[in-house]
Each structure stands twice: as C-alpha cells, then as structure tokens.
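Results of the structural survey
Each chain, letter by letter, is given below.
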Amino acid sequence: ERAKRLLADRQFAEAIPTLDAASAASPNSLYIHYLLGECYLKANRPKDAVPAFQIVLKIDPRYPPALIGLGESLAETGRVEEGAEHLRASLSLDDGNIRAHGLYAQALRRLGRLDDALAACHRGLALRPSDPDLTNELGAILEKQGRSSEAVEMYRRALAASPALHAARLNAAVALFLSGR
C-alpha cells in the first residue's frame, strides 16, 4: 500500500526500500521486481536496476518492458553493446514501443553504428512521426554524421513538439555554437 502511494506521487527513490522488502517477500513476483528496476532507473541508479530486471527476465524471458529496462540500465552503466542487444530483443517482441526504438537508436549511436542508429530512429518515427525524443535522437545522429544543419532542424522540431524537452534545447544550443551560428 505504501509503495502504491509513493509511486502515485512519483517518489521513486522513496519507494525503493518498500519495493525491495516486497521483492524479498515475493521473490517470484514479476511485477514487484519490474517496478523495483524502474524505480532504480528513475532514481538514477541504473547499476542497481540491472539485477531487478534480470530477475524479471528469469521469470519471463520474453517480457519486453524488462528487456527495455535492462537494456537502458546496461547502456547507462557503460555496457552499451549488451544493452543494445536487450533493446533489439525487446523490439523483436514488440516493434511498436517508441521508447525502445529511441533507446536502441541512442545505444547504436553511442557504439558508432550511425547508419544502424539512423535506421532504428526512422523505424520509430514511422510509428510516431512527431515524437520529440526520437526527433531529438535523430538530430544527435545527424550531428554525429557531420550534418549539423539537418541536426539543428531536428532539434527545432523536437522543441516545437515539446518545448520543455531540455535535451533538445541543449543539443540545439551546442550544435549552433559549434557551427558558429
């Protein structure tokens, strides 16, 4: 009950001890371990999220949300190649998940696989053409390819769709500064 209240109030870090105790009491609960992993991610503790998502995948190896969470956690802890594989696996089970497309494209970009990242981003944008996070990621990929004018345009589109998207605002400012504009 306490965990539900904390989650409803978006108090993810505060929910961790309660969910951790619940996971010990219910070691086979996919739901509790999944929520614990997500709370660790939201609390900026991706290293701690990894075991929670791994437990979920022992219970159900084909649970796309846990594959996405594990992929994101691994990428955030520097295990980008391994994270990308989990994200790819999640998309093979549920190709309609926009978050997974964005995280997969980001991981591929970080690995320097820019053509693959571009393709992954375009697959996600085909599902939701005006998604601000994917549009921002497309800008980051284009910028990495040296296509700064196109990148700035993508950042502007992302900001038009979501004016509060801090990452796009920062990316646009950096790209404009580096290009001398």
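Let me begin by describing the structure that accompanies this report. (Residues numbered from 1 in each chain as written. Predicted model: local features only at pLDDT ≥ 70, side-chain atom pairs only at ≥ 80, totals over all residues. Heavy atoms only, no water.)

**A closer look at unusual backbone geometry**
Phi is positive for R10, which is not a glycine, with a value near 60°. Examined against the element boundaries, R10 turns out to sit in the loop between α1 (2-8) and α2 (12-25). Taking the relative accessible area as the measure of exposure, R10 reaches 61% and is therefore exposed. Here the phi dihedral of N44 falls at roughly 60°; this positive angle occurs in a residue that is not glycine. Structurally, the position occupied by N44 is in the loop between α3 (30-42) and α4 (46-59). (Helix = DSSP H or I, 4+ residues; strand = E, 2+ residues; numbered from the N terminus. Buried < 20%, exposed > 50% of the residue type's maximum accessible area, 1.4 Å probe, protein only.)

**Quick word on the layout of surface pockets**
Empty space within the largest pocket amounts to approximately 440 Å³. If you go around the largest pocket, you meet 18 residues; those closest to its centre are G102, L103, Q106, D133 and L134. Listed by contribution, the elements that provide at least two residues to the lining of the largest pocket are α7 (98-110), α9 (132-144) and α11 (166-178). Top contributing element to the lining of the largest pocket by residue count: α7, with 6 residues. Its residues placed into classes, the lining of the largest pocket shows 6 nonpolar, 4 polar and 8 charged. (1 Å grid on protein atoms, 1.4 Å probe; cavity = no way out; pocket = protein on both sides within 12 Å on 5 of 7 lines; lining within 4 Å. Points joined across faces, edges and corners; volume = space filled by probe spheres on them. Nonpolar A, V, L, I, M, F, W, Y, C, P; charged D, E, K, R; others polar.)

**Some remarks on the nonpolar core**
One recurring pattern in soluble globular proteins: nonpolar side chains tend to sit buried together. Residues L87, Y104, C121, L138, I141, L142 and Y155 are the most contacted members of the largest nonpolar core, which totals 28 residues. Looking at this core, the elements with two or more residues in it are α6 (80-93), α7, α8 (114-127), α9, α10 (148-161) and α11. A total of 7 residues in this core trace back to one element, the largest contributor, which is α7. Not counting residues up to four positions away in its chain, the partners in contact with I141 are A105, R109, L114, A117, L118 and C121. Counting residues in hydrophobic clusters, the runner-up holds 25 residues, among them L6, F12, L35 and L67. (Core = buried A, V, L, I, M, F, W, Y, C linked by side-chain atoms within 4.5 Å. Contact = heavy atoms within 4.5 Å.)

**Thoughts on the packing of α7 against α8**
Interhelical geometry of α7 versus α8 gives an angle of 165° and a closest axis separation of 8 Å. What the angle tells us is that α7 and α8 run roughly antiparallel. Our pair here, α7 against α8, has a crossing hand that is left-handed. Facing α7, whose interface residues are I98, H101, Y104, A105, L108 and R109, α8 presents L114, D116, A117, A120, C121, R123, G124 and L127. Tallied by class, residues from the contact of α7 with α8 come to 9 nonpolar, 2 polar and 3 charged. (Axes fitted to C-alpha atoms, helices over the stretch in contact; angles between N-to-C directions. Parallel < 35°, antiparallel > 145°, perpendicular 65-115°, else oblique. Left-handed = near helix turned anticlockwise from the far one by under 90°.)

**What about the side chain of D131?**
Mapped onto the elements, D131 comes out in the loop between α8 and α9. Engagement of the side chain of D131 in a polar contact is seen with the backbone nitrogen of D133, the distance being 3.2 Å. Setting aside anything within four residues of it in sequence, one finds D131 in contact with I98 and L125. (Polar contact = N/O pair within 3.5 Å; in protein donor to acceptor, adjacent residues only side chain to side chain.)

**Let's talk about the packing of α6 against α7**
It is the contact of α6 with α7, at a shortest axis distance of 9 Å, that shows an interaxial angle of 150°. Here α6 is positioned roughly antiparallel relative to α7, judged by the angle of their axes. Where α6 crosses over α7, the two elements pack in a sense that is left-handed. On the side of α6, the interface is formed by V80, A84, L87, R88, S90 and L91, while α7 contributes A100, H101, L103, Y104, A107 and R110. Of the residues contributing to the contact of α6 with α7, the split by class is 8 nonpolar, 2 polar and 2 charged.

**Re the environment of A52**
Among the structural elements, A52 can be located in helix α4. With a relative accessible area of 4%, A52 lands in the buried category. Residues A52 and R10, 42 residues apart in the sequence, show an inter-C-alpha distance of 19 Å.

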